[in-house]
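# Secondary and tertiary structure notes
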Amino acid sequence: DNDCALVSRLTALYLIQKNGWKALQIGKTPILSPEYCFAVTKGRLSLLSYFSEGLAVIEETGEYRRIYQKWLGVYEPLPATFADVSRYIMLIAGPLLFILGLLYLWTRSLKRQVARRTAELQESEEFQRAIIACLPVALYSIDLEGKVKLWNESAELIFGWTAEDIKGKPLFTVPEEKEMEYEDLRREVFEEGGFFGRELIRQRKDGNLIPISLSVAPIRNKNGDVIGIVGAAEDIAERKRAEEELDRHRKHLEELV
């Protein structure tokens, strides 16, 4: 059997301290939590004023609240045990560790995807560079300002300028007397597209003029705007000499007949 008593917290705490009782358990939630009050013998107004002033000083310093909490406050919680602390830590650390784990896995997956994509792009770029380098025709590109952006090895062999000589500079292959023709061709590419196999005269680094067969196309961005021009030039000097030789033979035969 258990006994239960309904008393004020102040009285319960007083009895526990006075009698050294260990078997009493005070409820956690107070039924009533009254403020301090005091009384004096009727007519003792000076004593009443003295108590009022003293309590006012105690309240200003914060001591009132400490005394109130000790004797009339709610039930004081027991010190946290190791099991309680561990449980609280797991409640906080568990979800956090789970989120960190997911973030780690996502980061590793993203790194693998980036590495794979980078390798694919590098392989593709190397393949494109290899194709451009081994083309037998001079391949070059210019931007909207007419400055050279691409200049392959065949362009070096045909015209004499190296990539270091000409990249970022105007196209040196256009003879001075052909500059108007060059501007007309650029305008044609911008307005109408490109052209194929146009026979033109261009200039080498040593100053010699050579016949070429030029094919040109515009370079467009993803919006379809022209951002440059790519050209493929073939040295046709040998072909032209062969054609001239054939013409001389044909004319000679016609004269004999």
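What comes next is a walk through the structure.

How each quantity is defined
- Residues numbered from 1 in each chain as written.
- Predicted model: local features only at pLDDT ≥ 70, side-chain atom pairs only at ≥ 80, totals over all residues.
- Heavy atoms only, no water.
- 1 Å grid on protein atoms, 1.4 Å probe; cavity = no way out; pocket = protein on both sides within 12 Å on 5 of 7 lines; lining within 4 Å.
- Points joined across faces, edges and corners; volume = space filled by probe spheres on them.
- Helix = DSSP H or I, 4+ residues; strand = E, 2+ residues; numbered from the N terminus.
- Nonpolar A, V, L, I, M, F, W, Y, C, P; charged D, E, K, R; others polar.
- Salt bridge = Lys/Arg side-chain N within 4 Å of Asp/Glu carboxyl O.
- Core = buried A, V, L, I, M, F, W, Y, C linked by side-chain atoms within 4.5 Å.
- Buried < 20%, exposed > 50% of the residue type's maximum accessible area, 1.4 Å probe, protein only.
- Contact = heavy atoms within 4.5 Å.
- Pairing = 2+ DSSP bridges.
- Axes fitted to C-alpha atoms, helices over the stretch in contact; angles between N-to-C directions.

## Points about empty space enclosed by the protein
A complete count under the given rule lists 1 cavity of 30 Å³ or more for this structure. Forming the boundary of the largest cavity are Tyr140, Ile142, Leu171, Tyr182, Leu185, Arg186, Val189, Phe195, Arg202, Leu214, Val216 and Ile229. For the lining of the largest cavity, the element with the most residues is helix H7 (residues 179–192), which contributes 4 residues. Considering only residue class, the lining of the largest cavity consists of 10 nonpolar, no polar and 2 charged.

## Topic: the pattern of salt bridges
Within the structure shown, the criterion is met by 13 salt bridges. The partner of Arg204 in a salt bridge is Asp206, with the nearest N and O atoms 3.4 Å apart.

## Things to note about the nonpolar core
Ranked by internal contacts, the top residues of the largest apolar core, which has 24 residues, are Trp151, Phe159, Leu171, Ile212 and Leu214. Among the elements of the structure, strand E1 (138–143), strand E2 (148–151), helix H5 (153–159), helix H6 (163–166), H7, strand E3 (195–203), strand E4 (209–220) and strand E5 (226–235) are those that each provide at least two residues to this core. Element by element, the count of residues in this core is highest for E4, at 4 residues. Those residues in contact with Phe159 that lie beyond four places of it in its chain are Ala138, Trp151, Thr173, Arg202, Gln203, Arg204, Lys205, Ile210, Ile212 and Ala233.

## Details of the environment of Leu209
For Leu209, the location among the structural elements is in strand E4. Judged by its relative accessible area of 45%, Leu209 is partly exposed. The spatial distance from the C-alpha of Leu209 to the C-alpha of Thr173 is 9.1 Å, given a sequence separation of 36 residues. Those residues in contact with Leu209 that sit more than four places away from it in its chain are Pro175, Glu177, Ile201, Arg202 and Gln203.

## Details of the sheet that holds E4
The strand order across the open sheet formed by 5 strands is E2-E1-E5-E4-E3, and the pairing between neighbours is antiparallel. With partners counted over all chains shown, the strands left at the sheet margins are E2 and E3, one partner each. Averaged over all neighbouring strand pairs, the angle between strand axes comes to 30 degrees, with direction disregarded. Here E1 pairs with E2 via 3 bridges, running antiparallel. Paired with Tyr140 across the bridge in E2 is Trp151. Its contacts with the sheet place H7 against E1, E3, E4 and E5, and it is angled at close to 160 degrees to E3.

## A look at the pairing of E4
Pairing of E3 with E4 involves 7 bridges; the strand directions are antiparallel. Looking at the pairing, Glu199 lines up with Ser213 of E4. Hairpin connection from E3 to E4: 5 residues lie between these consecutive antiparallel strands, with Gly207 at a positive phi of about 95 degrees. Hairpin geometry of E4 and E5 is characterised by an intervening segment of 5 residues between the two adjacent antiparallel strands and by a positive phi of about 90 degrees at Gly224.

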